[in-house]
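Structural features, examined
Chain by chain, the residues:
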Amino acid sequence: MNGDFQAPTIEYGTLAPLLVVFGAAIIGVLVEAFAPRYLRKPIHVPLTLLSLAGAFALVLVQVMGGQVPTTASAMGALAVDGPSLFIWGVILVLSFVCVLLINDEGHFVASAAAVPGSADEEEAEAHSGGVGHTEVYPLVLFAVGGMLLFPASHDLLMMFVALEVMSLPLYLLCGLARRRRLLSQEASMKYFLLGAFSSAFFLYGTAMIYGFAGTVSLPGINRAMAAGNTLDPLLLIGFSLLGVGLLFKIGAAPFQAWKPDVYQGAPTPITALMASGTLVAAFGAVLRVFWVGLGNLDWNWRPVIWVVAALTMIVGSILAITQTEIKRMLAYSSIAHAGFLLVGVMATYGSAERNADSLKAILFYLAVYGVTTVGAFAVVTLIRDPGGEAGHLSRWAGLGKRAPLLAGVFAFFLLAFAGIPLTSGFFGKYAVFAAALDSGTQPGDSMGGWMAGLVVVGVVASAIAAFFYVRVIVLMFFSDPAADGPAIAVPSMGTVAVIAVSLLVTVGVGLYPESVLGIANQAASSLFIR
Amino acid sequence: MSPWLPILMAVPVVGAIVVALLPKGSDKLAKQVTLLVSLLVLVLTGVMAAGFDPSGDRFQFVAEYNWIPSFGVKFGVGVDGVALVLIALSVVLVPLVVLASWHDADGVKTADGTLITPKRSVKTYFALLLVLETMMIGVFAATDIFLFYVFFEAMLIPMYFMIGSYGGAQRSYAAVKFLLYSLFGGLLMLVAVIGLYVVAGKQTFMFPELVGAIQDPTMQKWLFGGFFIAFAIKAPLWPVHTWLPDAAAQAPAGAAVLLVGVLDKVGTFGMLRFCLELFPDAAKAFTMPIVVLAVISIVYGAIVAIGQTDMKRLIAYTSISHFGFIVLGVFAMSSVAQSGAALYMVNHGFATGALFLAAGFLIARRGSPYIGDYGGVQKVAPVLAGFFLIAGLAGLSLPGLSSFVSEFMVMIGTYSSQAHGSGALTVAAIISAVAVILAAVYILWMVQRTMNGPTAEPVKAFKDLSAREVWVLAPLVALIIGFGFFPKPLLDVINPSVQQTLTNVQVPTSTIAEGTGQ
């Protein structure tokens, strides 16, 4: 260091989607500061939607123009490769539809700081004119920005920053529900405490691994492993701690406890965003860390992931059976699906070809699962009681007779979750199971029989999971409606659009999966930059 | 490339969409459209079947389109003799079921006005029926194993809703049990399907190309297990049969006919087509355990049937016994027994279909499925009683009725099969012959208790069969008697594909030659 300062090279074109989202988020904050109250929402809505659409268009431009970079960007801090761009596309689409749900009135509290049930709350409510906190929009944009950054981070420190950028707004958003505010605040608190804890794990892990490798860059760590002793305690401890941090975010067992509480308490559009966008982002990061950073450690991590995947599938599907609240049930369902996805992660080791094949499966699964999830939560927002959404399952009895169309659509989403053929969910499940079995037959794989075993665990869990999905269908269609059943809210244009798009994708991909599969295949074939 | 099968599959689903989109209050129109569509499919199938050449290629009317290149999946369809007769069975049954179910969703009332099943959506019922028809044709026509699996699983859903929404008092329990059993079996099969693809390493799911692709005997056994368990649940075979009596008893009579008559046949069809031909060594290795299960099913189903008080449950248990015969025939590894088994699949569809429908008409008049609630029906409704008796006699395989031919072929083929050399199959045939006597007991006893004796008080108000109901049963009875005396047209179509199956299983030719006498 002799005083020379080298300006960093930043590939602005490549990073443009990120910059648009973060830029819009900052403008959103300024709007909150300077625009009068009545103007805020009319500015936020187009700003948010346009920036997400614009970012998506920029992603498309890069993909169509064949400008997918093959080296890391921003001085090695970020890797915008094929899988990243696919994940970005998926996250942007999902967050766009989630914002359509967020636009609906009545989801967010007018004054989060007011004590629930107090006079302050009433006053704030009266002043707001039905519009809750408009800070929601910039917060969502920051969260989405974090989601984009997370899977594209090329070193662990950047990944940590992304994790925080993604999580902090979400902690806050969870506590903003207009109805059942105590539950919402409890959810927010739990998510924050557990999330902070897991972030600390991640950071400790990063520090340990730095101690081993002398670098936080993912390919650097992998190279250090190839050269050094892979049984170094620093590395093993670091890797375990890092794993805890990541597995927490995807809600894998035994780190799944936050999911049901948070999903239940958070405003439903935010739950939809977390269940789709966050899951996609977190899996992107998991895939990158395990393939790029820990590729030379697969002998160590695969048995661990085997156990976690099996446990996650079983815990998710068994505990879901006992749930009586629709959002909690969907949360456990999301845990089970995280387990199915981990089966795919198990298969992403070894040769590049092998990796691309499994990667394709997971990317496809993430895309179709995310879309179906948002659709399902959109339906949940419409079934209402006087005190908010009718969450208790008993309230859903006989819905098929009162609102056949809505119940039919929801039943279809549930069948897709259950993985019944001719829905998109089936092909997702098929893809990861096929990838796992395929990897098990690779010559020299010491875990061949174990992979088959894991897939069998997977199908048993699917059968158990089918039970609770089917149970809701039984309730909706085969039970008689309650005398004072919940009201079916008249859906806004946005909600209708969300449900329609989700249905169309779930049906369309179910009939012709090649449409999405082809894109996932292309994205996966370029692999994560190593 | 022949467009026949894709057209056959497309017509009902288009019909279903039309029916579903009809405006509110057009229930009658919905029924008429459904009947028309199902008759159209029947005619189309008839025309197609006339062009089937039994001495030609194994798979005819073949069509292949790329469906999911990334997975190596094709939309591949084509039929051999066995598939053709099963498709024919399905498309014959559907219009009859439509007619039989004409008022099932209208809110069925007994003569004295008590409501048996409440009013439900008529359009949905008939749309589901047509969707099911597409899937039934698809599952038998699929030559791509992945496509077969897709239909195998997807066809559960319309049936699930038909049982769950339109069935009896315990309907939701029965529907869920049906779905979960089948789904679980199907998922195990999915693992085996993936395993087959991966281990064969041919990048295709096309059945003809996968025959003989798995050589490793251990791997064959595992994959065979995955397929077989799914098919055994579907068929159903003892001890995984418990869902059938519940589902069949709770389903509306029309749906029960399709459930037992067609859907369950997918199990035995799958054993014949996939288990035997894809995994011949495993099939031979497992022959004895499976034969034992089949014999248990035959005897157990028959004995339990005798003890039933509910007519539909009784018929369901007789079917478990009959499915035992079919499985026995499939695994006896002789051409007589296998041809008999394939023929049995068709004949059982007609015979049990007729019995279920006749029982359904009876139940619709009284609102009770219990045998004890009837008596002396013959005096007030002689036509109904007559049809009931003929259907019953077909169920107990009376000579001269179609089931007799197939049951006899299965037993004689099993008796003389040398597949296991030791005469073990001979013993199996002798034990299963006991069921013939038991069958006489369960059928005749049921007929006697419902049709003969003093006329029970509520029965006196019974009307005899309406013209619509006669139109449902008459064709079935005609088929039962017709194929009873002259099964040759069916056998001519079935025999070549069975020969092909046995060749692929590499059963010594002497066994095959012995069967050609039939």
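Keep in mind that this is a model prediction, so the values were computed, not measured.

Remarks on the overall build of chain A
Per the secondary structure count, chain A includes 20 helices and three strands. Relative to the compact-globule value of 24 Å for 530 residues, chain A shows a C-alpha radius of gyration of 22 Å, a close match. Every one of the 530 residues in chain A was classed for burial, and the buried ones make up 63%. Looking at chain A alone, contacts between residues at least 24 apart form 82% of all its contacts between residues at least 6 apart. Roughly 18200 Å² of accessible area belongs to chain A as shown, and the carbon and sulfur atoms make up 69% of that amount. Separation between the mean location of the 24 positive side-chain charges and that of the 28 negative ones in chain A comes to 6 Å.

A word on the overall build of chain B
Helices and strands together make up the secondary structure of chain B, namely 22 helices and four strands. Taking 2.2 N^0.38 as the reference for a compact globule, 518 residues should give roughly 24 Å; the C-alpha atoms of chain B span a radius of gyration of 22 Å, in line with that estimate. Expressed as lengths along the three principal axes of its C-alpha atoms, the size of chain B is roughly 65 × 55 × 40 Å. Summarising the internal contacts of chain B: among those between residues at least 6 apart in sequence, 80% fall at separations of at least 24. On chain B, roughly 16500 Å² of surface is accessible, and the fraction owed to carbon and sulfur atoms is 68%.

A few points about helix α9 (residues 233-250) of chain A
Helical geometry note: an α-helix holds 3.6 residues per turn, so side chains three or four residues apart project in the same direction. All names here are of chain A. Between its first and last C-alpha, α9 extends 26 Å over 18 residues, near the 26 Å set by a 1.5 Å rise per residue. By the N-cap criterion, in which a side-chain oxygen at the helix start approaches the backbone nitrogen of a residue two or three places on, α9 is capped by aspartate 232, the distance to leucine 234 being 2.9 Å. At the C-terminal side of α9, glycine 251 shows a positive phi close to 75 degrees.

Concerning the sheet that holds strand β1 (residues 383-385) of chain A
Residues and elements named next belong to chain A. Overall, antiparallel pairing links the three strands, which are arranged β2-β1-β3 in an open sheet. One side of each edge strand has no neighbouring strand; the edge strands of this open sheet are β2 (388-389) and β3 (487-488). Relative to β3, β1 runs antiparallel, the two being bridged by two bridges. Opposite arginine 384, over in β3, you have alanine 487 as the bridge partner. This element, helix α14 (residues 352-382), spans β1, β2 and β3 of the sheet and lies at about 30 degrees to β1.

Looking at empty space enclosed by the protein
Residues and elements named next belong to chain A. Scanning the model with the defined rule gives six cavities of 30 Å³ or more in all. Here the largest cavity defines a volume of roughly 100 Å³. Lining the largest cavity are 15 residues, and of these Lys41, Ile102, Phe108, Val131 and Gly132 sit closest to its centre. If you list the elements that add at least two residues to the lining of the largest cavity, you get α3 (82-103) and α5 (136-152). Along the lines of polarity and charge, the residues of the lining of the largest cavity split into five nonpolar, seven polar and three charged. Lining the second largest cavity are His337, Tyr365, Val368, Tyr369, Thr372, Ala416, Phe417, Ser424, Gly425, Gly428 and Lys429. Mapped by element, the contributors of at least two residues to the lining of the second largest cavity are α14, α16 (404-418) and α17 (424-440). Of the residues assigned to the lining of the second largest cavity, the class counts are five nonpolar, five polar and one charged.

Some thoughts on the confidence of the model for chain B
Residues and elements named next belong to chain B. Residues with a pLDDT of 70 or more make up 94% of chain B, whose mean pLDDT is 85. Across chain B, the element-wise mean pLDDT spans from 43 in helix α22 (residues 509-515) up to 92 in helix α5 (residues 145-154). Within the model, the stretch residues 509-518 combines pLDDT values under 50 with 14 contacts to residues more than four positions away or in other chains.

Side note on the pairing of strand β2 (residues 73-79) of chain B
Residues and elements named next belong to chain B. Burial within β2 is extensive, with five of its seven residues counted as buried. In this sheet, β2 lies alongside strand β1 (residues 60-68) in antiparallel orientation, the contact comprising six bridges. Looking at β2, one finds that asparagine 66 is bridged to lysine 74. What sits between the antiparallel neighbours β1 and β2 is a turn of four residues, in which glycine 72 has the positive phi angle 75 degrees.

So, the pattern of salt bridges
All names here are of chain A. What the rule picks out here adds up to 13 salt bridges over all chains. One salt bridge connects glutamate 186 with lysine 190, and the closest N-O pair in it is separated by 3.0 Å. Here glutamate 186 pairs with lysine 190, and both are found in helix α7 (residues 181-213), just four residues apart, close to one helical turn. Where salt bridges share partners, they join Glu186, Lys190, Asp261 and Arg328 into one cluster.

Details of the interface of chain A and chain B
Taken residue by residue, the interface counts 35 residues in chain A and 33 residues in chain B. For the pair chain A and chain B, the summed buried surface comes to about 3000 Å²; carbon and sulfur atoms form 82% of the total. Between the two partners, chain A and chain B, sit zero salt bridges. On the surface where chain A and chain B come into contact, there are four residue pairs in polar contact (both at pLDDT 80 or more).

Comments concerning unusual backbone geometry
Here alanine 235 of chain B and proline 236 of chain B are connected by a cis peptide whose omega angle stands at -20 degrees. Topologically, proline 236 of chain B is positioned in the loop between α9 (217-234) and α10 (243-250). In this model, tryptophan 238 of chain B is joined to proline 239 of chain B through a cis peptide bond whose omega is 5 degrees. Take proline 239 of chain B: it is sitting in the loop between α9 and α10. Positive phi values are uncommon outside glycine, yet leucine 422 of chain A reaches one of about 70 degrees. By secondary structure assignment, the location of leucine 422 of chain A is in the loop between α16 and α17. In this structure, glutamine 203 of chain B takes a positive phi of about 60 degrees despite not being glycine. Considering the arrangement of structural elements, one finds glutamine 203 of chain B in the loop between α7 (171-200) and α8 (207-210).

Concerning the environment of glycine 375 of chain A
All names here are of chain A. Secondary-structure assignment places glycine 375 in helix α14. Here glycine 375 falls in the buried class, since its relative accessible area comes to 0%. For the pair glycine 375 and phenylalanine 413, spaced 38 residues apart in the sequence, the C-alpha separation amounts to 7.5 Å. What glycine 375 contacts, discounting residues up to four positions off in sequence, is Phe413, Ile499 and Ser502.

Some thoughts on the environment of threonine 352 of chain B
Residues and elements named next belong to chain B. Secondary-structure assignment places threonine 352 in helix α15 (residues 335-366). In this structure the C-alpha to C-alpha distance between threonine 352 and valine 257, which are 95 residues apart in sequence, comes to 7.2 Å. Discounting residues that sit within four places of it in the chain, threonine 352 has contacts with Val260, Ile315 and Ser319.

Quick look at the packing of aromatic side chains
With the rule as written, the count across this model stands at 56 aromatic pairs over all chains. Between the aromatic rings of tryptophan 258 of chain A and tyrosine 263 of chain A, the centroid separation amounts to 6.3 Å while the plane-to-plane angle is 80 degrees, which identifies the pairing as edge-to-face. We note that tryptophan 258 of chain A, like tyrosine 263 of chain A, is buried. Ring geometry for phenylalanine 178 of chain B against tryptophan 243 of chain B: centres 5.5 Å apart, planes inclined by 50 degrees, an arrangement best described as tilted. In this pair, phenylalanine 178 of chain B is assigned in helix α7 and tryptophan 243 of chain B in helix α10, connecting sequence segments 65 residues apart. The same class applies to phenylalanine 178 of chain B as to tryptophan 243 of chain B, namely buried.

Cut-offs applied
- Residues numbered from 1 in each chain as written.
- Chains lettered and ligands numbered in written order.
- Predicted model: local features only at pLDDT ≥ 70, side-chain atom pairs only at ≥ 80, totals over all residues.
- Heavy atoms only, no water.
- Helix = DSSP H or I, 4+ residues; strand = E, 2+ residues; numbered from the N terminus.
- Rg over C-alpha atoms; globule rule 2.2 N^0.38 Å.
- Buried < 20%, exposed > 50% of the residue type's maximum accessible area, 1.4 Å probe, protein only.
- Contact = heavy atoms within 4.5 Å.
- Areas by Shrake-Rupley, 256 points an atom, 1.4 Å probe, with all protein chains shown as cover.
- Lys, Arg positive; Asp, Glu negative; His and termini not counted.
- Charge placed at Lys NZ, Arg CZ, Asp CG, Glu CD.
- Expected span 1.5 Å × (residues − 1).
- Polar contact = N/O pair within 3.5 Å; in protein donor to acceptor, adjacent residues only side chain to side chain.
- Pairing = 2+ DSSP bridges.
- Axes fitted to C-alpha atoms, helices over the stretch in contact; angles between N-to-C directions.
- 1 Å grid on protein atoms, 1.4 Å probe; cavity = no way out; pocket = protein on both sides within 12 Å on 5 of 7 lines; lining within 4 Å.
- Points joined across faces, edges and corners; volume = space filled by probe spheres on them.
- Nonpolar A, V, L, I, M, F, W, Y, C, P; charged D, E, K, R; others polar.
- pLDDT = per-residue confidence, 0-100.
- Salt bridge = Lys/Arg side-chain N within 4 Å of Asp/Glu carboxyl O.
- Buried area = accessible area lost by both parts, 1.4 Å probe.
- Phe/Tyr/Trp six-rings, centres within 6.5 Å; stacked < 30°, edge-to-face > 60°.

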